[in-house]
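Architecture at a glance
Residue strings, one per chain:
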Protein chains: 2
Amino acid sequence: MNQIIETILDHRSVRSFTQERLTAEEIKLLVEAAQAASTSSYIQAYSIIGVSDHKLKEKLADYAGNQSYVAENGHFFVFCADLHRHEQIAYEKGVDIKATIESTEAFMIAVIDAALAAQNLAIAAESMGLGICYIGGIRNHLKEVSEILETPEYVLPLFGMAVGHPAQQTDKKPRLPLQSVYHENKYDGESAIAKLAEYDETISSYYRARTDGIRTETWTDQITNRLRHTKRTFMKEFVEEKGFSKR
Amino acid sequence: MNQIIETILDHRSVRSFTQERLTAEEIKLLVEAAQAASTSSYIQAYSIIGVSDHKLKEKLADYAGNQSYVAENGHFFVFCADLHRHEQIAYEKGVDIKATIESTEAFMIAVIDAALAAQNLAIAAESMGLGICYIGGIRNHLKEVSEILETPEYVLPLFGMAVGHPAQQTDKKPRLPLQSVYHENKYDGESAIAKLAEYDETISSYYRARTDGIRTETWTDQITNRLRHTKRTFMKEFVEEKGFSKR
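Quick caveat: nothing in here was measured; it's all calculated off a predicted structure.

Take the relation of the copies chain A and chain B next. Applying a rotation about an axis and a shift along it to one chain copy brings it onto the other copy. Mapping chain A onto chain B calls for a rotation angle of 180° and an axial translation of 0.0 Å; the resulting RMSD is 0.0 Å. Seen this way, the second copy is the image of the first under a two-fold rotation axis. Residue by residue, 99% of the interface of chain A is reproduced at the interface of chain B, so both copies engage with the same surface.

Structural data, given as structure tokens:
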């Protein structure tokens, strides 16, 4: 196994960072790494907003559900689906591309492009000894987040990423058994759930060991409880309001 | 700059592979690397279908628009948004989570989870000296692709990835200027387009040099032409038919 795969396999989310800020050179290198990811038909349909302003970070932390590490980190990145540039470029050439960029297909392209770039940035950061944590919580108040980041039509903030020098040691969380995730030649629903009882044991032990027995829930319990309550029910309307996935 | 960032920055898509198949150990390691990526609230809302059956690969190549490297490679992976397992788990516990998993929010979570996993697999493969190419083309005939891969409700194939031993040397394609993609503290639409004329020159030269002057188009021309015609107009309906982004 090479060093790169070791880094990838060694990922864990970090939720406590030192005061040390990322340097301008580090930020530039991380964004370049993000940009090197594949992009659908060379479209590059995403933007990254780096947040250094502390007041702004505190507001984002608040919107994300009072997660202090959204404000306290080395740098905070917000990844956005972005077809705004494309619309402007075409408009200047007298071409109307709204039917395309407002399609669900284009929305998927932009979300995937943004996520591939983000994961490159995450791996690059971890290779530099930095810690990272994805912040889906910015979608709790996505309208307000869009307002303070001043994102126009055809730009949709998707998630944040806190990056910084780790101030804590965290553990790797065990992933699903391979056969729950990986199928050969066709989707195999039975295999996907066959080993979940065993996995539930693993996860229950994981929590028990780390909380002095206070938390003991299994993965399937956790998932069921999380998905029992529907969150962010405004999303469909808001996504469409921003110009995405309308048709 | 460390070796990992060098690997990331050195990415180029590979569209021609030798006959050598990936070994079972290589495939396992790549899937483990994929699984190590971050996942929203531990939901792990994706699946990977590895396609080794050559007849199946040929069908996929056909659906993807006659791209031979979809059939001729070391292994072909299909990444799917997957909330099927979750629905089954909750159903067995007597809990109805359909309102959640059918939401646009859950669709975004699943697409992002799948893309993060895919990019980990891509980097891991490249670190092993393998080449990769994302295949969005499987969405050309997504209904047929879903049928031959036998994906049930709440599973949506998103894109493929051809992986294998490179049989060609390809060039890196220059990315947008950093200021077109990266913003500080707020979205800056003017900066995003300010350097595009310069970038257009770069891209035009890139094609001119590689095609003996036959191709000379700029990035903004290419984008405008690609987005002028709306592709995959069935996507919104099909995504909803599979149970995603319905509400």
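Among the six residues that make up strand β1 (residues 46-51) of chain A, six are buried, leaving the element largely enclosed by the rest of the structure. The alternating pattern of β1 of chain A places Tyr46, Ile48 and Gly50 of chain A and Ser47, Ile49 and Val51 of chain A on opposite faces, both of which are buried. As paired elements, β1 of chain A and strand β2 (residues 75-82) of chain A share six bridges and run antiparallel to each other. Bridge pairing in β2 of chain A places Ile49 of chain A opposite Val78 of chain A. Bridge count for β1 of chain A against strand β5 (residues 182-184) of chain B is three bridges, and the pairing is parallel. Considered in β5 of chain B, the bridge of Gly50 of chain A is made with Glu184 of chain B.

Let us look at the domain arrangement of chain A. Annotation of chain A at the domain level lists domain 1 (3-171 + 230-241) and domain 2 (178-216). The C-alpha-based centres of domain 1 of chain A and domain 2 of chain A are spaced at 29 Å.

Spatially, the five strands line up as an open sheet ordered β5(A)-β1(B)-β2(B)-β4(B)-β3(B), and their pairing is mixed. Only two strands of the sheet have a single partner each, and these edge strands are β5 (182-184) of chain A together with β3 (131-135) of chain B. Strand after strand, the sheet turns through a mean of 25° between neighbouring axes, direction not considered.

Reading the values: rules and limits
- Each chain carries its own residue numbering, running from 1 in the written order of its sequence.
- Chain letters and ligand numbers both follow the written order, the letters beginning at A and the numbers at 1.
- It should be noted that, the model being predicted, local features are given only for residues of pLDDT at least 70 and side-chain atom pairs only at 80 or more, the latter also being counted only at that level, while totals for whole chains, interfaces and linings use all residues.
- Remark: hydrogens and water are excluded; side-chain values derive from all non-hydrogen atoms of the structure.
- Superposition of the copies was done by least squares, using only C-alpha atoms of residues whose pLDDT is at least 70 in both.
- We call two residues contacting when some pair of their heavy atoms lies within 4.5 Å.
- Think of it in three bands: residues with accessible area under 20% of the maximum for their type are buried, residues over 50% are exposed, and the middle band is partly exposed, with areas taken using a 1.4 Å probe on protein chains only.
- By the criteria applied, helices consist of DSSP H or I runs no shorter than four residues and strands consist of E runs no shorter than two, each listed in order from the N terminus.
- A pair of strands is labelled paired if DSSP reports no fewer than 2 bridges between them.
- Residue ranges for the domains originate in an automatic or database domain assignment.
- Every axis in this analysis is a line fitted to C-alpha atoms, fitted for helices over the stretch in contact. Angles between the N-to-C directions lie between 0 and 180 degrees.

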